[in-house]
Amino acid sequence: MKKWQIFKQGVLEELPIQLGVFPFGIIYGVMAIESGLTFFQALLMSSIIFGGASQIAFVQLLSNSTPFGVIVTTVGAINSRHLLYSISMVEYLNKLSVSWRVMLAYLLTDEAYAVSIRKFINHSENPILHYHLLGSGITLFVSWQISTLFGVLIGNDLPEFLDLQFIIPLTFIAIIVPMIKSKSTLITVITAGISALIFKNLDINFWIILSGLFGILAGIFISKLDKKL
Amino acid sequence: MTWLLIILCGVITFLIRFIPLSGIISSDLPLFVKESFKYIPLAVLTPIIVSDLSIIENKNLFLIDNFKLYAAFIAILVALIWNNVLVTISIGMASFLILSNF
């Protein structure tokens, strides 16, 4: 297979997922404008950060006057899973030039990774498979930018009666519910949720991070306990 | 200042994706560290959800007639059944509108 064909395959395999990505981009764009970001801030954040859930969390926290340290840590924590994607790609991409690795790292998001990693695992002997990730990554990038633009443009024209801020917790519910697959992940959610109620009520600045830490520790504890039993 | 914050978040997100690929540090993390990563998104997003549902308002527990909370429960059920972001948001939002207007 030629490079161009592999690139095209990446694009074609990524396209169906855009049905889910596109509305998400519009939601982000709308929320960004609602939270008071300027047109360019809202639009360019999609290429500067390029991470859906973290961008929505960013605008939510910014509109609630959250300290900047908490916003940065939260965005980093939400995107921390990409570290694992990157680790799993090392064996396939470590022979590439620095510029290739920089470009592919930038494009390494949930949806591009999900489509391309299967290709890497099943055809690890192919030396030009990075074109597949390039194809899936660029497709997602273009779709994310266009959908953000749509959201930003309609952001100011939506009817007042819709409490749009409520879309944020709904979006996060839709993201995390499928991730709760075991007792330990369920305990993480319950602990982080209850801790958040307590710590926020105590007016602790870093309540999100602190609640998150409690949730992670509870999850690890339960998982270790289950292994021992 | 908002620009600076956006750029800082962008740099951090990029570094998270690039550092293992850069070869600067060994990508052999201990197993328990790798395992703990699966909890992080859940642990950070849940507090944001809980806070947005206004369960505690002005130091008082707000459970009865908290339509956001009711709609969130409906959204959780929908997410469990259909596992589709758009369907979950649409039904959750519709439930909230119906509950708060009737």
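Each chain has its residues counted from 1, running along the sequence as written. Ligands are numbered from 1 and chains lettered from A, in the order in which they are written. Totals for whole chains, interfaces and linings use every residue, but because this is a predicted model, local features are given only for residues with pLDDT of at least 70 and side-chain atom pairs only at 80 or more, for both listing and counting. In computing side-chain properties, one takes all heavy atoms of the structure into account and sets aside hydrogens as well as water.

It is worth spelling out the pattern of salt bridges at this point. Once the charged atoms of two side chains with opposite charge are near each other, the side chains can pair. Residues and elements named next belong to chain A. A carboxyl oxygen of Asp or Glu within 4 Å of a side-chain nitrogen of Lys or Arg is what we treat as a salt bridge. Counted under the stated rule, the structure contains two salt bridges over all chains. Of the charged contacts in the structure, one is a salt bridge between aspartate 226 and lysine 183, with a shortest N-O distance of 3.4 Å. In this pair, aspartate 226 sits in helix H12 (residues 207-228) while lysine 183 sits in helix H11 (residues 183-201), placing the two residues 43 residues apart along the sequence. Only DSSP runs of H or I with at least four residues qualify as helices, and only runs of E with at least two residues qualify as strands; both kinds are numbered from the N terminus onward.

The next subject is the interface of chain A and chain B. Of the residues lining the interface, 81 residues belong to chain A; the matching set on chain B comes to 60 residues. Buried area is calculated as the accessible area (1.4 Å probe) missing from two parts once they are joined, with the contributions of both summed. Around 6600 Å² of area is buried between chain A and chain B when both sides are counted, 79% of it from carbon and sulfur atoms. One can count zero salt bridges joining chain A with chain B. Between N or O atoms, a polar contact is any pair within 3.5 Å; within protein, one atom must be a potential hydrogen donor and the other a potential acceptor, and residues adjacent in sequence are included only when both atoms are from side chains. There are 13 residue pairs in polar contact (both at pLDDT 80 or more) connecting chain A and chain B. A per-class count over the side of chain A that touches chain B returns 53 nonpolar, 21 polar and seven charged. We call two residues in contact whenever any of their non-hydrogen atoms come within 4.5 Å of each other. Nonpolar residues are Ala, Val, Leu, Ile, Met, Phe, Trp, Tyr, Cys and Pro. Charged residues are Asp, Glu, Lys and Arg, and all others, Gly as well, are polar.

Our next topic: the packing of aromatic side chains. Given two aromatic rings, their pairing is described by the distance between the two centres and the angle made by the two planes. Here a pair means two rings of Phe, Tyr or Trp (six-membered ring of Trp) with centres within 6.5 Å. Their orientation is stacked below 30 degrees between planes, edge-to-face above 60, and tilted elsewhere. The tally for this structure, following the rule as stated, stands at 15 aromatic pairs over all chains. Residues A:Tyr85 and A:Tyr113 carry aromatic rings whose centres are separated by 4.1 Å and whose planes lie at 5 degrees to one another, so their mutual orientation is stacked. Taken together, the positions of A:Tyr85 in helix H6 (residues 81-93) and A:Tyr113 in helix H8 (residues 110-122) put the pair 28 residues apart, joining distant regions of the chain. By the burial criterion, A:Tyr85 is buried, and A:Tyr113 matches it. Considering the side-chain rings of B:Phe67 and B:Tyr70, the 6.2 Å spacing of their centres and the 75 degrees angle between planes classify their relative orientation as edge-to-face. Here the residue B:Phe67 and the residue B:Tyr70 both occupy positions in helix H4 (residues 67-82), the gap between them amounting to three residues, near one helical turn. Exposure categories follow from relative accessible area, calculated using a 1.4 Å probe and restricted to protein chains: below 20% of the type maximum is buried, above 50% is exposed, and the middle band is partly exposed.

Another aspect to go through is a nonpolar patch on the surface. Taken together, the side chains of A:Phe39, A:Phe40, A:Leu44, A:Leu149, A:Leu153, A:Ile154, B:Trp3, B:Ile7, B:Val11 and B:Leu15 present a nonpolar region at the surface, about 850 Å² in accessible area. Every element with two or more residues in the nonpolar patch is listed here: helix H3 (39-48) and helix H9 (130-154) of chain A together with helix H1 (2-22) of chain B. Broken down by element, the nonpolar patch gets its largest block of residues, four residues, from H1(B). Checked against the element boundaries, A:Leu149 lands in helix H9. Judged by its relative accessible area of 33%, A:Leu149 falls in the partly exposed class. By definition, no residue in a patch forms a salt bridge, and every one has over 30% relative accessible area; like charges are joined within 9 Å, nonpolar side chains (Val, Leu, Ile, Met, Phe, Trp, Tyr) within 5 Å. Surface accessibility in these figures is a Shrake-Rupley result with a 1.4 Å probe; residues are shielded only by whichever protein chains are displayed.

It is worth stressing that arrangement in space is one thing and function is another; only the former is reported here.
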